[in-house]
Amino acid sequence: MKLRSGRIFRILTPFLLFLLVATGILPGRTEKPVLHGRHWVAITGKPLAATAGAMMFQKGGNAVDAACAMLAATCTMYDVLSWGGETQALVYNPITKKVIGINALGVAPTGATPEFFREKNEDLPYPPAYGPLAAVTPGTPGGLLTMLAEWGRLSLRDVLAPAMQMAEGYPVEADFVRRTEGSKDRIKEWPYSKPVLLPHLGEAHEAPHVGENLRQPDLLSTLAKMVEAEDRALADGKSRKEAIYAAYDRFYRGDIAEEFVRGCQEQGGLITAADLDNWQVYLEEPVKTDYKGIEVYKLTTWVQGPVMLQALNMLENIDLKKMGHNSVNYIHTLYQIMNHVYADRDFYYGDPYVPPEEPIRGLLSKEYARSRLGKINWNLNDPGVKPGDPYPFQGGVNPFADLLKKWTNVPSSKKDMNRDHMMPRDEAFTAGTTSIQAADKDGWIVSVTPSGGWIPACIAGRTGIGMSQRMQSFVLDEALNPYNVLEPGKRPRATLTPGLALKDGRPYLSFAVQGGDTQDQNLLQFFLNMVEFGMNVQEACEAPNINSYQMQSSFGDHAAEPGRLLLNAVTPQKVRDNLALMGYRLEFDRYTSGPINAVFFDWKHGTFWGGSSNFGDDYGVVW
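All of the points below concern the structure found in this document. These figures come from a predicted structure and were not determined experimentally.

### Points about the pairing of strand β18 (residues 607–612)
With three bridges connecting them, strand β1 (residues 35–37) and β18 associate as antiparallel partners. By the bridge assignment for β18, Leu35 is matched with Gly610. In this structure, strand β17 (residues 596–602) lies alongside β18, joined through six bridges in antiparallel fashion. Within the sheet, the bridge partner assigned to Ala598 lies in β18 and is Gly611.

Rendered as structure tokens:
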């Protein structure tokens, strides 16, 4: 097919244009443009929050200040997270030229044990998905304050100013209204959530209306207390960093903590003052792998990030370009490799700060990757993919070999399980969060995937803070995953997974995506779209992806559905037919790529290329 005249574009239907672009016939045409900037870039899940990031740059702040302002704003907007959730980040420090991991995931509180939840409901194989008993300790405030104190330039007062203005009242969007109205029966169970999220209680429509200002006076008071702590410390002669950590102390050890604990326990939650006092943010070295000369960095086993590195280690042995983008062989290869690395995740990943020690060296071994390739069925889908044994590849012996032999990717669940405590399966598998990307001309880069405290959120007392729901990502039976069994003081293995990549010792890509267990599936394909298939950052964000459901969900009833495969609606019929013959159960959607937000660093021209998802409310601002 030859397209010689621009006139043809005007006569093509929008859907046909989408079809041609998605199948690669018209490269370079995207639904949203690339964001080109020279000084800075700020991208996140909501336009208002991206503006908050831009405001920090205009004040003279750096990418860390901007990322923190965007995080504060998205939490205030309940963009599928709030202040009681968790924050996971990668920061590139241009002074040290190192990538730093930020571990601000909360821990299980005192009394949260498998026995506790079995006694409450013996038919509940996992902690609940909703309410105060789903909550781990809040991590986002600590993560934000730590990043700001260590690497930002501005004051906490400056960085929280947009979020505080929004807490006074901001016009809500249609997605917020839909989610809140749809969850109103559950929200009514919680006395501090009801008046905030359902201002029209008793009317037919009880959530705010689109464009109506959502007012959060209790949250505004909490944020003001944190700023007040900073002001007092500065007045006492403390340094900028010390003043920000004074706000940290007030949140986790002062009157904010006291009210949070009171409000949580009043509603049946377990979090204690000691839990907040003992919790801490970890600044850690991320894990990495080399893919054809590109260093790819992810957070370690307390999230699912290493699965992308494991997949890249396997894929570097395969000629993907020869297969062709989204060909039958390409899709089958990705699906099988993702199933193998996610099976490892489902058995071996957990909190590295609590025994047993995860076998991360073996999991990321290139030799282990090649051994796993030998297990793949190249002709049919394998519905029974199991975890491998990485211990021999790090000179050890598997302490859970007996559990490994018995492990199944579709664990049995009790027929009478009370699903009122569980998220619906499809919602659980793709449960959204947001993502944040910020970079500046001085070289600071921040990639964040925060989450937790989404609607329906149980607000802790008069703090205005919606509590996390991350407890559900633990397991209660070591046969499922001996590294991720619920224990007080332990972090659940989360799905949240920002990414950074360096090439020739310089930043190459910063990328993150919202979603649940689809996150590293989407980010893997985004990365390959750029590195193997030459797409620009926006094309790579929008390109059709596939999604496997064969791994265990990290939410709800942790279901796995072998052979279930989501394809983009533009997938040709011949590809569909061949995949069906290979044992796949096919489903289709128009959008399958994320949503992904990313920054590409153009060293030839000294500019940023920003990519922002073409569906949802994701938005970027550049200069």
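So that's the structure; there's more coming.
### Here we look at the environment of Asn484
Along the chain, the position of Asn484 falls in the loop between β11 (445–448) and β12 (499–503). For Asn484, a relative accessible area of 2% translates into the label buried. Placed 130 residues apart in sequence, Asn484 and Val354 show a C-alpha to C-alpha distance of 9.5 Å. In this view, Asn484 contacts Tyr349, Ser473, Phe474, Val475, Lys490, Arg491, Pro492 and Arg493; residues no more than four positions away in its chain are not counted.

### Focus on helix α11 (residues 217–235)
With 19 residues, α11 ought to run about 27 Å at 1.5 Å a step, and its terminal C-alpha atoms sit 26 Å apart, in line with that. All of the buried residues along α11 are Asp218, Leu219, Thr222, Leu223, Met226, Val227, Ala229, Glu230 and Ala233. Looking at the buried side of α11, the elements it contacts are α4 (63–76), α6 (140–151), α7 (156–168), α12 (240–253) and α13 (255–266). A positive backbone phi angle near 90° is found at Gly237, which sits one or two residues after α11.

### Looking at unusual backbone geometry
Cis peptide bonds are those with omega within 30 degrees of zero, and the linkage from Pro355 to Pro356 qualifies with 0°. Topologically, Pro356 is positioned in the loop between α17 (328–348) and α18 (360–363). Cis rather than trans, the peptide bond between Ile455 and Pro456 has omega equal to 10°. You can see Pro456 is positioned in the loop between β11 and β12. Notably, Lys97 is not glycine yet its phi reads approximately 60°, a positive angle.

### Points about α4
An ideal rise of 1.5 Å per residue puts 20 Å on 14 residues; α4 measures up with 20 Å between its terminal C-alpha atoms. For α4, a buried count of 14 out of 14 residues is recorded, marking the element as mostly surrounded by other parts of the structure. Downstream of α4 by a residue or two, Tyr78 has a phi angle that is positive, lying close to 55°.

### A word on the sheet that holds strand β9 (residues 294–298)
Here seven strands make up an open sheet; going across it, the order is β1-β18-β17-β13-β12-β9-β8 and the pairing antiparallel. Because the sheet does not close on itself, it has two edges, and the strands there are β1 and β8 (287–291). Geometrically, the sheet is characterised by an average inter-axis angle of 20° between neighbouring strands, direction not taken into account.

### What about the nonpolar core?
Core analysis: the biggest nonpolar cluster contains 87 residues, and Trp83, Met147, Leu156 and Phe176 have the highest contact counts within it. Residue contributions to this core peak at eleven residues, all from α4. The contacts of Trp83, once residues within four sequence positions are left out, are Ala72, Cys75, Thr76, Pro138, Thr140, Pro141, Leu144, Leu160, Leu219, Leu223, Ile465 and Gly466. Counting 68 residues, the second largest nonpolar core, distinct from the first, contains Trp407, Leu523, Leu524 and Leu565.

### Quick notes on the pattern of salt bridges
Applying the stated criterion across every chain, the model contains 35 salt bridges. Across the pair Arg345 and Asp346 runs a salt bridge, and its minimum N-O distance is 2.7 Å. Asp517 is the salt-bridge partner of Arg345, the closest N and O atoms lying 2.7 Å from each other. Of this pair, Arg345 sits in helix α17 while Asp517 sits in the loop between β13 (506–513) and α22 (519–531), and the two are 172 residues apart along the sequence. What makes Arg345 buried here is its relative accessible area of 0%.

### Things to note about the environment of Glu189
One can find Glu189 in the loop between α9 (184–187) and α10 (194–197). By relative accessible area, which is 52% here, Glu189 ends up exposed. Through-space distance from the C-alpha of Glu189 to that of Cys458 is 8.7 Å; in sequence the pair is 269 residues apart.

### Remarks on the pairing of β13
Each regular strand carries side chains that alternate between the two faces of the sheet. Extensive coverage of β13 is indicated by the burial of seven of its eight residues. Pairing analysis gives five bridges linking β12 to β13, with the strands arranged antiparallel. Following the sheet pairing, Ala501 is matched in β13 by Leu509. Between the end of β12 and the start of β13, which pair antiparallel, lie two residues, with Asp504 showing a positive phi angle near 55°. Summarising the sheet, β13 and β17 pair through five bridges and their orientation is antiparallel. The partner of Ser510 across the bridge, within β17, is Val599.

### Quick notes on the packing of α12 against α13
Taken N-terminus to C-terminus, the directions of α12 and α13 make an angle of 25°; their axes are 4 Å apart at the nearest point. As far as their axial angle goes, α13 and α12 are roughly parallel. The handedness of the crossing between α12 and α13 is right-handed. Here α12 contributes Arg250, Phe251, Tyr252 and Arg253 to the contact with α13, which in turn contributes Asp255, Ile256 and Ala257. Of the residues contributing to the contact of α12 with α13, the split by class is four nonpolar, no polar and three charged.

### A closer look at the packing of aromatic side chains
Scanning the entire structure with this criterion turns up 22 aromatic pairs. Through successive ring pairs, a cluster of aromatic residues spans Tyr245, Tyr248, Phe251, Tyr252 and Trp279. For Arg564, the ring lying beneath its charged end belongs to Tyr549, and the centroid distance is 3.9 Å. If you follow Arg576 out to its NZ or CZ, it ends over the ring of Phe588, 3.9 Å from the centre.

### Describing the sheet that holds β11
With antiparallel pairing, the seven strands of this open sheet are ordered in space as β7-β4-β3-β11-β10-β2-β19. On the outer flanks of this sheet lie β7 (282–284) and β19 (619–622), each paired with one strand and no other. Within the sheet, the average angular offset between the axes of one strand and its neighbour, ignoring direction, is 15°. As paired elements, strand β2 (residues 40–44) and β19 share four bridges and run antiparallel to each other. Each residue of the ladder has a partner; that of Ile43, found in β19, is Gly620. Across the sheet, helix α3 (residues 47–58) is in contact with β2, β10 (436–440) and β19; its angle to β2 comes to roughly 155°. Those strands touched by α4 are β2, β3 (87–93), β10 and β11, and its axis lies near 155° from that of β10.

Here is what the cut-offs are and how they apply
- Residues numbered from 1 in each chain as written.
- Predicted model: local features only at pLDDT ≥ 70, side-chain atom pairs only at ≥ 80, totals over all residues.
- Heavy atoms only, no water.
- Pairing = 2+ DSSP bridges.
- Helix = DSSP H or I, 4+ residues; strand = E, 2+ residues; numbered from the N terminus.
- Buried < 20%, exposed > 50% of the residue type's maximum accessible area, 1.4 Å probe, protein only.
- Contact = heavy atoms within 4.5 Å.
- Expected span 1.5 Å × (residues − 1).
- Axes fitted to C-alpha atoms, helices over the stretch in contact; angles between N-to-C directions.
- Core = buried A, V, L, I, M, F, W, Y, C linked by side-chain atoms within 4.5 Å.
- Salt bridge = Lys/Arg side-chain N within 4 Å of Asp/Glu carboxyl O.
- Parallel < 35°, antiparallel > 145°, perpendicular 65-115°, else oblique.
- Left-handed = near helix turned anticlockwise from the far one by under 90°.
- Nonpolar A, V, L, I, M, F, W, Y, C, P; charged D, E, K, R; others polar.
- Phe/Tyr/Trp six-rings, centres within 6.5 Å; stacked < 30°, edge-to-face > 60°.
- Lys NZ or Arg CZ within 6 Å of the ring centre and 35° of its normal.

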